[in-house]
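# Overview (structure and organization)
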There are 4 protein chains.
Amino acid sequence: MSASLDVPAASSRPGIPWVPAADLIERYPAIRAATRALTDPLEIEDYGLQSMTEASPAKWHLAHTTWFFETFVLARESDHVPFHPRYGYLFNSYYETVGRMHSRPKRGLLTRPTVADVQRYRDHVDHAMNRLLGEGPSPELTAVIEVGLHHEQQHQELILTDLKHGLSCNPLRPVYRELPAPTEGEASPLTWLEHPGGLMEIGHQGESFGFDNEFPRHRTYLRSFALGSRLTTCGEYLEFMADGGYQRSDLWLSAGWDVVQREGWQAPLYWEREGDDPDAPWQCFTLGGMRPVHPAEPVCHVSLYEADAFARWRGCRLPTEAEWEVACAPRPLHGNFVERSAFHPVALRQARGPGPHQTFGDVWEWTASAYGPYPGFRPLGGSLAEYNGKFMCNQLVLRGGSCATPASHARATYRNFFPPEARWQFSGIRLARDP
Amino acid sequence: MSASLDVPAASSRPGIPWVPAADLIERYPAIRAATRALTDPLEIEDYGLQSMTEASPAKWHLAHTTWFFETFVLARESDHVPFHPRYGYLFNSYYETVGRMHSRPKRGLLTRPTVADVQRYRDHVDHAMNRLLGEGPSPELTAVIEVGLHHEQQHQELILTDLKHGLSCNPLRPVYRELPAPTEGEASPLTWLEHPGGLMEIGHQGESFGFDNEFPRHRTYLRSFALGSRLTTCGEYLEFMADGGYQRSDLWLSAGWDVVQREGWQAPLYWEREGDDPDAPWQCFTLGGMRPVHPAEPVCHVSLYEADAFARWRGCRLPTEAEWEVACAPRPLHGNFVERSAFHPVALRQARGPGPHQTFGDVWEWTASAYGPYPGFRPLGGSLAEYNGKFMCNQLVLRGGSCATPASHARATYRNFFPPEARWQFSGIRLARDP
Amino acid sequence: MSASLDVPAASSRPGIPWVPAADLIERYPAIRAATRALTDPLEIEDYGLQSMTEASPAKWHLAHTTWFFETFVLARESDHVPFHPRYGYLFNSYYETVGRMHSRPKRGLLTRPTVADVQRYRDHVDHAMNRLLGEGPSPELTAVIEVGLHHEQQHQELILTDLKHGLSCNPLRPVYRELPAPTEGEASPLTWLEHPGGLMEIGHQGESFGFDNEFPRHRTYLRSFALGSRLTTCGEYLEFMADGGYQRSDLWLSAGWDVVQREGWQAPLYWEREGDDPDAPWQCFTLGGMRPVHPAEPVCHVSLYEADAFARWRGCRLPTEAEWEVACAPRPLHGNFVERSAFHPVALRQARGPGPHQTFGDVWEWTASAYGPYPGFRPLGGSLAEYNGKFMCNQLVLRGGSCATPASHARATYRNFFPPEARWQFSGIRLARDP
Amino acid sequence: MSASLDVPAASSRPGIPWVPAADLIERYPAIRAATRALTDPLEIEDYGLQSMTEASPAKWHLAHTTWFFETFVLARESDHVPFHPRYGYLFNSYYETVGRMHSRPKRGLLTRPTVADVQRYRDHVDHAMNRLLGEGPSPELTAVIEVGLHHEQQHQELILTDLKHGLSCNPLRPVYRELPAPTEGEASPLTWLEHPGGLMEIGHQGESFGFDNEFPRHRTYLRSFALGSRLTTCGEYLEFMADGGYQRSDLWLSAGWDVVQREGWQAPLYWEREGDDPDAPWQCFTLGGMRPVHPAEPVCHVSLYEADAFARWRGCRLPTEAEWEVACAPRPLHGNFVERSAFHPVALRQARGPGPHQTFGDVWEWTASAYGPYPGFRPLGGSLAEYNGKFMCNQLVLRGGSCATPASHARATYRNFFPPEARWQFSGIRLARDP
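These remarks concern the structure in this document. (Residues numbered from 1 in each chain as written. Chains lettered and ligands numbered in written order. Predicted model: local features only at pLDDT ≥ 70, side-chain atom pairs only at ≥ 80, totals over all residues. Heavy atoms only, no water.)

### Here we look at the overall build of chain A
Basically, it comes down to this: Only DSSP runs of H or I covering at least 4 residues are called helices, and only runs of E covering at least 2 are called strands; the numbering of each starts at the N terminus. Values of the radius of gyration come from C-alpha atoms, whereas the globule rule sets the reference at 2.2 Å times the count of residues to the power 0.38. Contacts between residues were defined by any pair of non-hydrogen atoms, one from each residue, lying within 4.5 Å. Note that accessible areas follow from Shrake-Rupley with a 1.4 Å probe, and for residues the cover is restricted to the protein chains shown. Neither His nor the chain termini are counted; the positive set is Lys and Arg, and the negative set is Asp and Glu. Here the site of a charge means atom NZ of a Lys, CZ of an Arg, CG of an Asp or CD of a Glu.
The number of helices and strands found in chain A is nine helices and twelve strands. Here chain A has a C-alpha radius of gyration of 22 Å; the compact-globule value for 435 residues is 22 Å, and the two agree. Reported as C-alpha extents along the three principal axes, the dimensions of chain A are approximately 65 × 55 × 40 Å. Taking contacts inside chain A between residues at least 6 apart in sequence as the whole, the part at least 24 apart equals 80%. Roughly 16,400 Å² of accessible area belongs to chain A as shown, and the carbon and sulfur atoms make up 50% of that amount. Treating the 41 positive side-chain charges of chain A as one cloud and the 52 negative ones as another, the clouds have centres 2 Å apart.

### Describing the relation of the copies chain C and chain B
Defined as follows: The copies were overlaid by least squares, fitting only the C-alpha atoms of residues that reach a pLDDT of 70 or more in each copy.
Superposing chain C onto chain B takes a rotation of 180 degrees plus a shift of 0.0 Å along the axis, which leaves an RMSD of 0.0 Å. The transformation relating the two chain copies, once decomposed into turn and shift, fits a two-fold axis. For chain C, the minimum C-alpha distance to the rotation axis belongs to asparagine 394 of chain C and amounts to 2.4 Å. When you check the interface residues of chain C against chain B, 100% turn up at the interface there too, and the contact is symmetric in its surfaces.

### Here we look at the interface of chain C and chain B
Here is the rule we go by: When two components associate, each loses some accessible surface as probed by a 1.4 Å sphere; the sum of these losses over both components is called the buried area. For this analysis, a salt bridge means a side-chain nitrogen from Lys or Arg found within 4 Å of a carboxyl oxygen belonging to Asp or Glu. The term polar contact refers here to a pair of N or O atoms within 3.5 Å; inside protein, the definition further demands a hydrogen-donor-capable atom paired with an acceptor-capable atom, and it admits residues adjacent in sequence only when both atoms are side-chain atoms.
Counting residues at the interface gives 27 residues for chain C, matched by 27 residues for chain B. Note on chain C versus chain B: buried area summed over both sides is about 2,100 Å², and carbon and sulfur give 63% of it. Counting the surface chain C buries against chain B, the share from its top three residues, Tyr221, Arg223 and Asn394 of chain C, is 24%. On the surface where chain C and chain B come into contact, there are zero salt bridges. Across the contact surface, chain C and chain B share six residue pairs in polar contact (both at pLDDT 80 or more). Elements that contribute at least two residues to the side of chain C that touches chain B include exactly strand S3 (218-222) and helix H7 (254-263) of chain C.

### A look at the relation of the copies chain A and chain B
Mapping chain A onto chain B calls for a screw motion: a turn of 180 degrees about the axis and a shift of 0.0 Å along it, with 0.0 Å RMSD after fitting. Of all interface residues in chain A, 100% are interface residues in chain B too; the two copies therefore contact each other through one and the same surface.

### Notes on the pattern of salt bridges
All names here are of chain A. Quick reminder of the rule: Categorising residues by exposure relies on relative accessible area from a 1.4 Å probe, with only protein chains included: less than 20% of the type maximum marks a residue as buried, more than 50% marks it as exposed, and the intermediate range marks it as partly exposed.
A full pass over the atoms with the stated rule returns 104 salt bridges over all chains. Between aspartate 23 and arginine 27 there is a salt bridge; the shortest N-O distance is 3.0 Å. You can call aspartate 23 partly exposed: its relative accessible area is 29%. When salt bridges that share partners are traced, they join Arg32, Arg122, Asp126 and Glu152 into one network.

### Regarding a negative patch on the surface
Selection rule: Exposure above 30% relative accessible area and no salt bridge define the residues that can form patches, which grow by joining like charges within 9 Å and nonpolar side chains of Val, Leu, Ile, Met, Phe, Trp and Tyr within 5 Å.
Taken together, the side chains of Glu274, Asp276, Asp277 and Asp279 of chain A make up a negatively charged region of the molecular surface. Considering the arrangement of structural elements, one finds aspartate 276 of chain A in the loop between strand S5 (271-273) and strand S6 (282-286).

### Comments concerning the arrangement of the chains
The two units chain A and chain C are non-contacting; their minimal C-alpha-C-alpha distance is 14 Å. In this assembly chain B lies apart from chain D, the nearest approach of their C-alpha atoms being 14 Å.

### With respect to the environment of glutamate 214 of chain B
As for its position among the elements, glutamate 214 of chain B is in the loop between strand S2 (198-202) and strand S3 (218-222). Glutamate 214 of chain B has contacts with Gly203, His204, Tyr374, Arg411, Thr413, Tyr414 and Arg415 of chain B, leaving out every residue within four places of it along the chain.

### A short note on the sheet that holds strand S7 (residues 289-292) of chain C
All names here are of chain C. Put simply, the rule is: Here the rule is simple: two strands pair whenever DSSP picks up at least two bridges between them. Fitting a line to C-alpha atoms yields each axis, with helices limited to the stretch in contact; the angle taken between N-to-C directions then spans 0 to 180 degrees.
With antiparallel pairing, the three strands of this open sheet are ordered in space as S5-S6-S7. Lying at the two open borders of the sheet, with one neighbouring strand each, are strand S5 (271-273) and S7. Each strand of the sheet is rotated relative to its neighbour by a mean of 40 degrees, with strand direction disregarded. The pairing of strand S6 (residues 282-286) with S7 spans four bridges and is antiparallel. For cysteine 284, the partnering residue across the bridge sits in S7 and is arginine 291.

### A word on the environment of threonine 114 of chain C
With respect to the secondary-structure elements, threonine 114 of chain C resides in the loop between helix H3 (87-91) and helix H4 (115-135). A C-alpha to C-alpha distance of 8.9 Å links threonine 114 of chain C and isoleucine 44 of chain C, two positions 70 residues apart in sequence. Sequence-distant contacts of threonine 114 of chain C, defined by excluding residues within four places in its chain, comprise Lys59 of chain C together with Glu43 and Glu45 of chain D.

### Description of the packing of helix H2 (residues 58-72) of chain A against helix H4 (residues 115-135) of chain A
Residues and elements named next belong to chain A. Basically, it comes down to this: Put simply, angles under 35 degrees are roughly parallel, angles over 145 are roughly antiparallel, angles from 65 to 115 are roughly perpendicular, and the rest are oblique. Crossing handedness is defined as follows: a turn of the near helix away from the far one that is anticlockwise and smaller than a right angle gives a left-handed crossing, while the clockwise case is right-handed.
Relative orientation of the contacting elements H2 and H4 amounts to 25 degrees, with a least axis distance of 10 Å. Relative to H4, the element H2 is oriented roughly parallel. When the axes of H2 and H4 are compared, the crossing they make is left-handed. Counting all contacts with H2, which are made through Lys59, Leu62, Ala63, Thr65, Thr66, Trp67, Phe69 and Glu70, the residues of H4 involved are Val115, Val118, Tyr121, Arg122, Val125 and Met129.

### Points about the packing of helix H1 (residues 24-38) of chain A against helix H5 (residues 139-168) of chain A
All names here are of chain A. In plain terms, the rule: Amino acids outside the nonpolar list (Ala, Val, Leu, Ile, Met, Phe, Trp, Tyr, Cys, Pro) and the charged list (Asp, Glu, Lys, Arg) are all regarded as polar, and Gly is one of them.
Where H1 contacts H5, the two axes come as close as 10 Å, and the packing angle between them is 20 degrees. If you check the angle between H1 and H5, you find them roughly parallel. The crossing of H1 and H5 is left-handed. Judged by residue contacts, Leu24, Arg27, Tyr28, Ile31, Arg32, Ala34, Thr35 and Leu38 of H1 engage Thr142, Ile145, Glu146, Leu149, His150, Glu152, Gln153, Gln156, Ile159 and Leu160 from H5. A per-class count over the contact of H1 with H5 returns nine nonpolar, five polar and four charged.

### A few points about the sheet that holds strand S12 (residues 432-433) of chain B
All names here are of chain B. Read across the sheet, three strands follow the order S1-S4-S12 without closing on themselves; strand pairing throughout is antiparallel. Edge positions in the sheet fall to strand S1 (192-195) and S12, since each has one partner strand and no second. As paired strands, S1 and strand S4 (residues 225-228) are joined by four bridges and run antiparallel to one another. If you follow glutamate 194 over to S4, its bridge partner there is alanine 226.

### Thoughts on the side chain of threonine 359 of chain A
Residues and elements named next belong to chain A. Relative to the helices and strands, threonine 359 resides in the loop between helix H9 (321-328) and strand S8 (364-370). The class for threonine 359 is buried, based on a relative accessible area of 4%. Non-local contacts of threonine 359, meaning those with residues more than four positions away in its chain, are made with Trp324, Cys328, Arg331, Glu365, Gly400 and Arg430.

### Some remarks on helix H1 (residues 24-38) of chain B
Residue and element names in this part refer to chain B. How we decide: How far a helix is expected to stretch is found by multiplying one less than its residue total by 1.5 Å. Working definition: the arc comes from the directions between the helix axis and the C-beta atoms, pointing outward to the latter.
Taking 1.5 Å of rise per residue, the 15 residues of H1 would be expected to cover 21 Å, and the 21 Å separating its terminal C-alpha atoms lies within 8% of that figure. Those residues of H1 that sit buried are Leu24, Tyr28, Ile31, Arg32, Thr35 and Leu38. Each buried residue of H1 sits inside an arc of 125 degrees when the element is viewed along its axis, so together they form one side. Looking at the packing, one finds that the buried side of H1 touches helix H2 (58-72), helix H4 (115-135) and helix H5 (139-168).

### Points about the interface of chain A and chain B
In this assembly, 28 residues from chain A lie in contact with 28 residues from chain B. When the two sides are added together, the surface that chain A and chain B hide from each other amounts to roughly 2,400 Å², 64% of it contributed by carbon and sulfur. The largest contributions to the chain A side of the interface with chain B come from Glu45, Leu109 and Arg112 of chain A, which together make up 30% of the buried area. Applying the counting criterion to the chain A and chain B interface returns two salt bridges. Here aspartate 46 of chain A and arginine 112 of chain B are joined by a salt bridge, their closest N and O atoms 2.5 Å apart. For the interface between chain A and chain B, the tally reads eight residue pairs in polar contact (both at pLDDT 80 or more).

### Section: the environment of aspartate 434 of chain D
As for its placement among the helices and strands, aspartate 434 of chain D is situated in the segment after strand S12 (432-433). Distance in space between the C-alpha atoms of aspartate 434 of chain D and arginine 317 of chain D is 8.4 Å, their sequence separation being 117 residues. Ignoring sequence-local partners within four residues, the contact set of aspartate 434 of chain D consists of Gly376 of chain A together with Arg317 of chain D. At a separation of 3.0 Å, a polar atom in the side chain of aspartate 434 of chain D contacts the side chain of arginine 317 of chain D.

### A look at the pairing of strand S9 (residues 396-399) of chain D
Residues and elements named next belong to chain D. Burial along S9 is two-sided: the residues Leu396 and Leu398 and Val397 and Arg399 are all buried. Two elements, strand S8 (residues 364-370) and S9, share three bridges in a ladder whose sense is antiparallel. Across the sheet, glutamate 365 pairs through a bridge with arginine 399, a residue of S9. Of the pairings in the sheet, the one linking S9 to strand S10 (residues 416-418) comprises three bridges and is antiparallel in character. Its bridge partner lying in S10, leucine 396 is registered against phenylalanine 418.

### Considerations on unusual backbone geometry
Among all residues save glycine, negative phi is the norm, and among peptide bonds the norm is trans. Residues and elements named next belong to chain B. At the junction of glycine 355 and proline 356, the peptide bond is cis and its omega measures out at 5 degrees in the coordinates. Mapped onto the secondary structure, proline 356 falls in the loop between helix H9 (321-328) and strand S8 (364-370). In the Ramachandran plot, histidine 301 falls in the positive-phi region, its phi being about 60 degrees despite a non-glycine side chain. Relative to the helices and strands, histidine 301 resides in the loop between strand S7 (289-292) and helix H8 (304-313). The exposure class of histidine 301 is buried, given its relative accessible area of 2%. Located in the positive-phi region is phenylalanine 343, a residue other than glycine, with phi close to 55 degrees. The topology assignment puts phenylalanine 343 in the loop between H9 and S8.

As structure tokens, this is what we get:
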């Protein structure tokens, strides 16, 4: 195991475009504990559940995030002894330059190490990390640890989305945690916020941590546009469905229409009707079990294809990521994040001010932008070059964060990305249009 | 849920071709306890492991065998309340006439019910069954319970073979139970036992339980033949491999050669060489972990295709099931069954008498006979008609039982059956030839 | 290219179990010309059509049968120069011992050689063969040529069945040749012919040509049975369909039910209703284009699974191949063979005598017998060992010949074989039952 | 059949962003004849060849382009009688709003209509079109005819690329047409052309025809960049291969590395070595048959993944489509187009002036730009809305045209697009980098 950020050793800002934080000694244990807390409601049996290739077992997430610190931080010390000689093979996700790895679709077959074994692995690595943090790591290591903490937060979200998918495959529809009852009432009306466009700047300025894909901050020219004041609701989406949305090929991207036909999509993921009865009301599976679909809540678990078809049906379009960023960056970084324990998007009942509202938290918002490098993009050095850049093909950018995102992980420049058919994330729709 | 054996109610031998036993009240708890004992070495995480469609999780086996008694015995009482309204859906295996069922390849996704839930289910049903057995069930129910106990024993074997496959997929190569060390020395020499053939009888006589596929006993005409005195050893199989057995298309059935090419077979299942080094000695995965291949032990985990190719290479053939039965039926019903806890076939060091030896236990012996109905075959009535008959296509008969078979489950007329490419059972080779 | 029958050179019956014929010099050109005549109605475009892996283009059949003579007869002469250096690769079907071969599913991509090229190939080989026949070939070569002619006749039937499948995939439903109009009226009633069973003999006696799989003639013990006097009609099959035959799992072998579900089978192959309207009458595609389904005609293009399910629905079963042979061998070898140019099975309007009727020609009759070696089976030597024996797994025997079979190719001992799901042959149903 | 451009009827520029041409009456027959001329070297058998889902038979292209005029032009007249009632079903490509269509992967099974039938179809439609053009069509129809001619030219290119793929699957490696011998000598040295960037304009101005995806012309901000003076050569690509290009995961996009592993890519499409001998020189299949790889010629038949990996290996990147357009738009619209009958890219031996050279013709140049709508994009109305917009997902833009492109079809603003793994087009590499 050898991995390197490939940065100059002695610098307060070692070859990275952002300023490392000084509070790792507090944040490391807090973030690690938050991960563990998310798995508290699980039965031992649930930890190994893998319901599709794209989703991983909770146990694997617990171990992989630990492996990240062991491999990219602790293993740089010459006298490091791996906790277990095979864990590097088992818990590497996709870092080809670090070595071979276990087959991704077979993560669910790893009944060993047990949950208790993995907890011992976490404790062991945390002990060493805390000691290192107490000693004061080098600037280079500090940067890697910062990456590792944000990496851990990404996996916190995946623990919830992957688990939701897994539990949904069980006819017993198990409950992860009881959710608060949704408040009654209608959604605040949708209005349009106009933006004049012009030569704008987007991207991260580097005052604090950002992933390599958010850099460099750069100019981009925008035409004037209008952005929807809030997220699309289930009620609006039900109108699309009632108007034959899933039956009209003219509304869909060609690749999307293929998926609709092949998979028999008729509604967002997790929506179902009792006994498949077309007259029964729509229910949806949540982390709190089955619930009625609430018209005022933001629609969720839609693919890019569904978001795009809905927008076309409404005579609108999806925003580009640049439009989203220039319009939403001024908004306060508040929202329905994972710390609220809603585990589901929440209706906007009373909008205060013109908005845009619900920009952060609730659901990731699909944009029309293919995920690619910003002009002048430079990946992290060493093995961490594999972190983001190699996925810049056939994926779309999502913005804003969701009800499963840690609040401290969200920011206006954050670029999430998924393939256009992905539905198991908390992904939703904000409309845009030409003025 | 409604299911029936469809037999006349008042008879000491109610429409079935065998004599029901009088000792169910002792055998029921003993056999149920034996199932549970097989899972004692498991971690909670192991119970849900499903590594391929053909294999089921141990937890599922525990629940399905319980469902069998609940559905086909307890549910006949008018006031029966199912233990859980969805368990009928979750734990039906393939009884289409009883109702819809959970998708077989997704049994491993059922993290709920938990292991503890399933144990409660077993306890609940056992309680009701013991009460019923104390009251003295009708002849018809007695017959179904007898079927249920033999069904349970079939799943005891599957628990071990499915688990072995699942654990083998883990790079950590976990140990189920430490196995006894193999004794040293060479295998007893192979000799040939000649049989004159003629108009013979095979099939079950009905003095005790037999599955419907073993009936009726009937005449069949056999030419003279010779049967190998013992099982084929790993040493003999290594000679086949060294002689290019897996590279010579002329030795193989066409469908077998396709599998060899497609799957890249080079050795029996579970055999591997350290680092895939062609000069390293062969190891094999066992329920006791990795071990060297011992030349004197019977070769195991071969498909019908491999057994057939090996036989052709030796200028021999596989026996038909009729040949096997007439030659082996006189032998005592002793052997390396699961009760010995060897969990692996054992070498024949010193043969006493001419044999045939190793006829019962150690490994199931592939025959050249396609699995089909005996002349005059009549399936069980009601839903249990689905037990055997509907699988009589594209499968081959195996005889004799294995090191994972309960001793009281084996008999000379027993017809096991698997598709020709199956390798995860303890399946091996006995040669035959024309004299 | 080297291939050998591996038989003693000087003998009037060179190691083969049948007596070679003396009339090859007449039969060779006649059979070769019959092949060519079958392709006369084709457009140039049709010759390359391959609609599934199991079916081959007519052009390929024309070339492959020629390759057989070139490879196994002409190439034995030391000074033989192949007609084209790559044709051995292109037109080998499955003889692994002769060399590598072109991928079977890609035969339809071979637009070159052209039809004219292949005709030149045929002419070239025929010229050399006729010369050899005039010179008087050795007994060994005589035997191989005899095999080659029967091989050619097998491919005559495949030209028609493969072409029918290919044309059926064209929404224009092209006509191969106009068929005679079916005569009106009802089918002769079905009666039952009882047979006492006992120790019988089946298999070829060797008085003339037979394939290796028909030998040796041997004893087999049969219980008494009854055989249906004629083939199952479309009218009878429509009753099965009307009674929910394709919806009732209890009627089907498990593997058959899987196919019904997966493929959405609702009727025999080539049956359809205008616009998929459930109230429209059934039509079927024939070599003469679309036609109404005639109730009196034998049902055709059913799989073993459908034949078996139909028999179970009728409270009957399929005959074994031994039952079929002992009951039908005494019947005259007449029937609706390809020479009648009906290209479709014909109704039995007026039965003369007790029957069994329609035993030869019309449709291949599925039996309950898995295709395997007769006791004492010995394959042909050399490369022709691959002719039959290596397919003895996962296939079922069919008997009697069809409306696409040359009359001189049929005989009572002939064992045709196909996988149980195959439907594109002219395959139908004759019932049997226990008396 | 009803289809409409949905534009105001009376206007010299009917709702479309470009000026219709006045010379259709000459260009229609010329372009139609050019299509036919491309198929002159074919055998009848070749016309039906379909070697993969993405490729269509030449016969299908001939009929589909005809269907386009019949459906979108002729069928608007109230008294139009379709040439054949099923051709609309057979030859619709992907216009869901026009009606159902034949399965794309099964186009190769349509042996009927024959080549002669399709030629009659072309003649019939051409006759009606020529009459209409003589009468002077409405502005709206004029616009549709203009689209139809450019559509026809697109299929001219596909006839060649699809045929090349089909012929390459034939072990005989047939020759489409003898190609001119490549001239000897080395390629002109690669130099770098710097561009200062700034607020630029790209897109079509509408002075003549352009596809909807080229509009509207719009502003975009570019950083300074440098563009390679010529295309990447085979010699340069061989260096990449020799340096382990296909073995080093760090050079590849993640999805590209998956394809490399899954498909076993080791070289561009159509490259092979005699007998797969690693010491043999590379050959490549061309429309003139097998030829040595010439180091000075532009590398061709690479995917976006290979282009991207090569660029990374060279420390460069691919240009964006905006960079390409601003740098290349000033260049004269000359190049190695299909009219030169080279049917293969040609080496740049002596560059005149700084370049960029080889911008038009030779090979389509992969860009780093995902194919999406320009800001303010409006699709054509009616069914032609399906022409371009619905493919704006998971595809990348290519620029410049190839040796299979008609010269009058190329222009600096033209946006071709293919999925990143596509290799059967004449697609190559031009490098870019940050200065």
